[in-house]
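Close look at the chain arrangement
Residues per chain, in single letters:
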Amino acid sequence: MYSEKVMEHFRNPRNVGEIENPDGVGEVGNPVCGDVMKITIRVNHDRIDDVKFQTLGCGAAIATSSMVTEMAMGKKLDEAMTISKQAVAEALDGLPPAKMHCSVLAADGLHAAIEDYRARQNRKEEQA
Amino acid sequence: MKTIYLDHAATTPTDREVVAAMTPYFTDKFGNPSTLYGVGREAKAAIEEAREKVASLLGADPGEVFFTSGGTESDNQALVGIVYANEKKGNHLITCAIEHHAVLDTAEFLKRRGFEATILPVDKYGMVDPEDVRRAINGKTVLVSIMHANNEVGTVQPVAEIGKIAREAGVAFHTDAVQTFGHLPIDVNAMKIDLLSISGHKLYGPKGVGAIYIRKGTRIIPFMHGGGQESRRRAGTHNVPGIVGLGKAAEIAAVEMGSEEAHLSILRDELIASILERVEDVRLNGHPTERLPNNINVCIEGAEGEAMLLSLDMEGICVSSGSACTSGTLNPSHVLLAMGIPAEIAHGSLRVTLGRSTTKKEIDYLLEVLPPIVERLRKMSPLKRTR
Ligand SMILES: Cc1ncc(COP(=O)(O)O)c(C=O)c1O
Ligand code: FES
């Protein structure tokens, strides 16, 4: 039921793990089926220098997490914010309909990490 | 890569002897058993022989066995047929929370049609308390339906006790024996069973054929209307090859059942003990002893079921899971939830069901590849386990 691309990312997920002292953290849970995902990013000059993920979830959740980190790597933050769940699913040659919500998790996780980074920047500016 | 099939609760491969018995009934012996000439009589004789084989494995009279399209139809027939035939007597049926959806959804359907249904709870092992059945029976109760053994966690219910309680109360007792027919001994008289569901493909017979046992004298309305087949109980031209196949499967099971049960329960217990030993934070689901000889069901904390299933598939191993992620509805297994298992634990459920051909070598291979798979998935998880 999964595309070869999904299986390939499931077998060899990219960017697994956790960045130490990250610049932004996105932690999202999936109310639909109980999956959890954490994305950590390192930002340099408004660009994602490094991104890692950790996911407890189905094959699609792992593959979409892996894909979203690959898509976000090296991108400007504004650009990375526009990565949509559809784009993630398309990059994996599609997902079964029942699994589309897993790609929501991946896109949300990335966006949450960027928002966290921006919130931290705002706090720093306020303190300064 | 050789496939290691460990999902026999989902379906079994059709026995080659069964296929051989069926084959002539597609071609040379193609007659309609309702006709009077030679090829028709030949087909009629074949289905009557199959009926005897099925009946004999139940301790029933052949006249009490009716062929259907499978377990789902038999379950639907039992519930709908009894409830609608007894409208004058009452409007209440009793079943339990871990039944197959063929029973549960039919009970829900009947509820929407104005009938009342009591869905009994189960304990943490998935066991129904017969005293709960006794207490739930009221003057309006027309049917008790409790499965013989559960397809997910393998718990075997105290059907003889429940049958006795229903009989004493004058209430019909149905049991879904889809997972036990041909695997565990059944005696409809000793167990006081009035209706029983059977499915061919769970005992090395073909898919799409089954049977329902209906005790003589039971008030029931037919589900299918049309020709007068099956003593007017089930209209429709007989699936002759399928019925012959089910009969042959029952005949083989009668011979194999005892040794198979002994062989599988040893492998089962070894596998359970080894998984618990080799993987941390695992719990066994279902009853420790009152369980199907081929059923292993565990929850592995911190690893999701579908991801485990896909990983095992990459090693050629076929198993199943009750995780929300594997179900089309994205709900965790209703069986695990009814046993009080939290959704996040059910997430890591894995069911392994052995079969006639399962070898120690296959089990050893599963035990070799499972721990690293769990390890890999746990490493990928953001949740830190306490140990
Ligand atoms: C306990 C139980 N009841 C009913 C069924 C349905 O049987 P069938 O597949 O023949 O419709 C199954 C099989 O999936 C089962 O395990
Ligand atoms: S994360 Fe549960 S279905 Fe994908």
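What you see is a predicted model, and the numbers here were worked out from it, not measured in a lab.

Residue and element names in this part refer to chain B. The environment of ligand 1 is formed by 13 residues, the closest being Gly71, Thr72, Asp176, Ser199 and Lys202. Within the contact set of ligand 1, an oxygen atom lies 2.8 Å away from a backbone nitrogen or oxygen of Gly71. In this structure, an oxygen atom belonging to ligand 1 sits 2.9 Å away from a side-chain N or O atom of Gln179. By residue number, the principal contributor to the shell around ligand 1 is helix H3 (residues 71–85), which donates three residues. Here the shell around ligand 1 is composed, by residue class, of two nonpolar, eight polar and three charged.

All names here are of chain B. Domain annotation of chain B identifies domain 1 (4–11 + 257–380) and domain 2 (16–252). Distance from the C-alpha centre of domain 1 to the C-alpha centre of domain 2: 28 Å. With 26 residues of domain 1 in contact, the opposing surface of domain 2 contributes 30 residues. Taken together, both faces of the contact between domain 1 and domain 2 bury some 2400 Å²; the carbon and sulfur share is 57%. At the boundary of domain 1 and domain 2, one finds zero salt bridges. Remark: the boundary between domain 1 and domain 2 carries 17 residue pairs in polar contact (both at pLDDT 80 or more). At the level of elements, helix H7 (240–278), strand E10 (295–300) and helix H9 (334–338) are the ones that each hand at least two residues to the side of domain 1 that touches domain 2.

Moving on: the packing of aromatic side chains. Residue and element names in this part refer to chain B. In total, this model carries one aromatic pair over all chains according to the counting rule given. Note on Tyr84 and Phe115: the rings are 5.0 Å apart at their centroids and 80° apart in plane angle, and the pair reads as edge-to-face. Placement of Tyr84 in helix H3 and of Phe115 in the loop between helix H4 (101–112) and strand E4 (116–120) is noted, with a sequence separation of 31 residues between them. A residue is classified by how much of its surface remains accessible, and Tyr84, at 26% relative accessible area, is partly exposed.

Bringing the sheet that holds strand E1 (residues 24–29) of chain A into the picture now. Residue and element names in this part refer to chain A. Read from one edge to the other, the open sheet built from three strands follows the order E1-E2-E3, with strand pairing classed as antiparallel. This sheet does not close on itself; its edge strands, each paired only once, are E1 and strand E3 (47–56). Within the sheet, the average angular offset between the axes of one strand and its neighbour, ignoring direction, is 15°. Sheet strands in contact with helix H2 (residues 59–72) are strand E2 (36–44) and E3, and its direction is about 175° off that of E3. Of the strands in this sheet, E1, E2 and E3 touch helix H5 (residues 100–127), which is tilted by about 140° from E1.

Residues and elements named next belong to chain B. Applying the stated criterion across every chain, the model contains 29 salt bridges over all chains. Residues Asp194 and Arg167 are paired through a salt bridge, measuring 3.1 Å at the closest nitrogen-oxygen approach. Linking Asp194 in the loop between strand E6 (172–176) and strand E7 (195–199) with Arg167 in helix H6 (residues 159–169), this pair joins segments that are 27 residues apart in sequence. A salt bridge links Arg268 to Asp269, with the nearest nitrogen and oxygen atoms 2.9 Å apart.

All names here are of chain B. Relative to the helices and strands, Thr180 resides in the loop between E6 and E7. With a relative accessible area of 0%, Thr180 lands in the buried category. Setting aside residues no more than four positions away along its own chain, Thr180 makes contact with His148, Ala149, Ile186 and Leu292.

All names here are of chain B. As for its placement among the helices and strands, Thr353 is situated in strand E12 (residues 349–353). Among the residues examined, Thr353 registers a relative accessible area of 1% and is labelled buried. Within the local environment of Thr353, its side chain forms a polar contact with the backbone nitrogen of Ala9, the two atoms lying 2.9 Å apart. With near-sequence residues (within four places) excluded, Thr353 lies in contact with Leu6, Asp7, His8, Ala9, Asn294 and Asn295.

Of all residues in chain B, 99% attain a pLDDT of 70 or more, and the chain-wide mean is 96. Taken over the whole predicted complex, pTM reads 0.95, whereas the ipTM for its chain interfaces reads 0.94.

In this section: the packing of H2 of chain A against helix H8 (residues 305–314) of chain B. Packing of H2 of chain A against H8 of chain B brings their axes to within 7 Å, and their N-to-C directions diverge by 90°. Taken together, the axes of H2 of chain A and H8 of chain B are roughly perpendicular relative to one another. Between H2 of chain A, through Gly59, Ala60 and Ile62 of chain A, and H8 of chain B, the contact on the second element is made entirely by Glu306, Ala307 and Leu310 of chain B. Here the contact of H2 of chain A with H8 of chain B is built from residues that sort into four nonpolar, one polar and one charged.

Conventions adopted
Residues numbered from 1 in each chain as written. Chains lettered and ligands numbered in written order. Predicted model: local features only at pLDDT ≥ 70, side-chain atom pairs only at ≥ 80, totals over all residues. Heavy atoms only, no water. Near = heavy atom within 4 Å. Polar contact = N/O pair within 3.5 Å; in protein donor to acceptor, adjacent residues only side chain to side chain. Helix = DSSP H or I, 4+ residues; strand = E, 2+ residues; numbered from the N terminus. Nonpolar A, V, L, I, M, F, W, Y, C, P; charged D, E, K, R; others polar. Domains from an automatic or database assignment. Contact = heavy atoms within 4.5 Å. Buried area = accessible area lost by both parts, 1.4 Å probe. Salt bridge = Lys/Arg side-chain N within 4 Å of Asp/Glu carboxyl O. Phe/Tyr/Trp six-rings, centres within 6.5 Å; stacked < 30°, edge-to-face > 60°. Buried < 20%, exposed > 50% of the residue type's maximum accessible area, 1.4 Å probe, protein only. Pairing = 2+ DSSP bridges. Axes fitted to C-alpha atoms, helices over the stretch in contact; angles between N-to-C directions. pLDDT = per-residue confidence, 0-100. Parallel < 35°, antiparallel > 145°, perpendicular 65-115°, else oblique.

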